[in-house]
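# Per-entry structural report
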Amino acid sequence: MSLSLLSNTYLEETSGKIRAKPVPWEGYQRAELVTAEELALIKRVDRQSKARIESVLLSEGPAYALLYLSLLKKLQRVDTMQYLLVLIADALADHDERIPLFTRTSKVDPDLPYAPLIKALDTTDEFVQLKAAQILTLLLSAETTVLPLRHSHSFVNTLSSFIQSASTNRLNVSVQCLESLLTRPEFRQAVWEIPPLVQALFDILQKNPDPQTNYQVAFCIWLLSFEQNIAEQINKRYDIVAQLIEVAQAAVKEKVVRVIVATLRNLVVKAPSANLPAMLVCHLLPYTKNLAARKWTDEDIVEDIKFLKDELAARFDSLTTYDEYVSELESGHLSWTPVHESEDFWRENAIKLNDKDHKQLKRLVELLKESNDPTVLAVAAHDVGQYIKHYERGRKIVADLGAKARVMQLLAHANADVRYRALLTVQVIVSQPWLSA
């Protein structure tokens, strides 16, 4: 990965201004913060032309990698830190072969190269923070060894705070950093362990940012989906399937659709039982049929669309009506599909909600208690009433699970349909008082 791939206009413009500023190197030597040898080395590249600096680095690269990091470790002034970070970035720009010069400094000082850069993240200066993040990402992404947890977790926590801040520059740079870092499995797990960071990525998608940011965030989610444990849990935690489909349907750039389709494929391959029900409920099958009819420039997306379409069609063809209902429950996306208001459906299937220690009934009550969506609440309240109506002994079970109390609360809900459906269910609950709890 090249440093040029981590680009940001603010960093580039500010770097140009910093290169021209003088640094009081002689003053540092008089204060015994810089040795005579270090002063001599730094003066050879201080505010010199690019060609001159390249010539020096060509012959003495290892010495300057160690110099820059050593000075960054011990000098605290913000303007000096800015200058040193620009020197490091300039040395690495379009020169990936120099990355080992910096990572090998650990043989001289175990704090290098990461400790000074991690420390720079804690300053209050935005340029220092983001330039350090840029350099850290380049070095960490190129590492061939397992990284110390203290480095990876500390850096990911900082990126999390940056992404959640109000700064556009912090958001832009941090998302780019994650794009590179998440190619490594240890960073995928580190990110997954910070729920506010994962939620922040989905929040960015919901805000409908520009197509490039959409793509970059979706790319991060695609990389996360390669991990088995993440693929199994991500939709349940973050309702990712519905959101990704919505973003893909609104996307104007092929690359956004491509990375989202690739993500959905990963979720099916890694954890079909956890993700296919939600995909069916969110009508991904007709959408994939629509996508299959379009022309694409990328062959990968054609293959991924066909895979999804075939998997969803096979699952759909094998579904019974009750399976469809269970899929809807598991997805959490209850809506007024025909089964809910079908007397025949409830007459035949109400008792099935008791299977596996009332697994599906518990899921229905969970949605009734936890959802904030008025449609979900209205449908769930209605279904509880239908369950009791067609399975009278269900009154006590519903009460024990807390559904009766929740339905009573919904009588005061702001939404008129929720209030109406709750009222109908309360009437069913109290129709035979001696059976209610």
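Residues numbered from 1 in each chain as written. Predicted model: local features only at pLDDT ≥ 70, side-chain atom pairs only at ≥ 80, totals over all residues. Heavy atoms only, no water.

- In the nomenclature of an unreviewed UniProt entry, the protein chain is known as V-type proton ATPase subunit H of Ephemerocybe angulata.
- In UniProt, the protein chain has this text filed under Sequence similarities (unreviewed entry): "Belongs to the V-ATPase H subunit family."
- Regarding the protein chain, the UniProt comment filed under Subunit (unreviewed entry) reads as follows: "V-ATPase is a heteromultimeric enzyme made up of two complexes: the ATP-hydrolytic V1 complex and the proton translocation V0 complex." (UniProt positions renumbered as here; feature names shortened; annotations may be inferred.)

### Brief notes about the nonpolar core
- Membership of the largest hydrophobic core comes to 114 residues, with the highest contact counts inside it found for Trp25 and Tyr68.
- Beyond its immediate chain neighbours, meaning those up to four positions away, Tyr68 contacts Ile42, Val45, Leu57, Leu84, Leu87, Ile88, Ala91 and Phe102.
- Judged by nonpolar contacts, the second largest core, of 34 residues, contains Leu353, Val365, Ile388 and Ile429. (Core = buried A, V, L, I, M, F, W, Y, C linked by side-chain atoms within 4.5 Å. Buried < 20%, exposed > 50% of the residue type's maximum accessible area, 1.4 Å probe, protein only. Contact = heavy atoms within 4.5 Å.)

### Here's the deal with a nonpolar patch on the surface
- A surface patch of nonpolar side chains, about 240 Å² in accessible area, is lined by Met408, Leu411 and Leu423.
- According to the relative accessible area criterion, Met408 is partly exposed, its value standing at 42%. (Patch = residues over 30% accessible without salt bridge, like charges linked within 9 Å, V, L, I, M, F, W, Y side chains within 5 Å. Areas by Shrake-Rupley, 256 points an atom, 1.4 Å probe, with all protein chains shown as cover. Salt bridge = Lys/Arg side-chain N within 4 Å of Asp/Glu carboxyl O.)

### Some words on the side chain of Glu38
- Note on placement: Glu38 falls in helix α3 (residues 36-43).
- Using a relative accessible area of 14% as the deciding quantity, one classes Glu38 as buried.
- Residues contacting Glu38, with those up to four places away along its chain left out, are Leu33, Leu67, Leu71 and Lys74. (Helix = DSSP H or I, 4+ residues; strand = E, 2+ residues; numbered from the N terminus.)

### Considering the side chain of Gln82
- Mapped onto the elements, Gln82 comes out in helix α5 (residues 78-92).
- You can call Gln82 buried: its relative accessible area is 10%.
- Beyond its immediate sequence surroundings of up to four residues, Gln82 is in contact with Ile18, Asp125, Phe127 and Val128.

### Thoughts on the packing of aromatic side chains
- One pass over the full model with this rule turns up 15 aromatic pairs.
- The interplanar angle of 45° and the centroid separation of 5.9 Å between the aromatic rings of Tyr215 and Phe219 together place this pair among those described as tilted. Of this pair, Tyr215 and Phe219 are both found in helix α13 (residues 211-224), four residues apart, which corresponds to roughly one turn of the helix. As far as the burial class goes, Tyr215 and Phe219 line up, both buried. (Phe/Tyr/Trp six-rings, centres within 6.5 Å; stacked < 30°, edge-to-face > 60°.)

### Observations regarding helix α12 (residues 195-206)
- Relative to the 16 Å expected for twelve residues at 1.5 Å per residue, α12 spans 17 Å between its end C-alpha atoms, a close match to the ideal helical length.
- Listing the buried residues of α12 in full gives Leu197, Val198, Ala200, Leu201, Phe202, Ile204 and Leu205.
- Just past α12, the residue Asn208 takes up positive phi, approximately 50°. (Expected span 1.5 Å × (residues − 1).)

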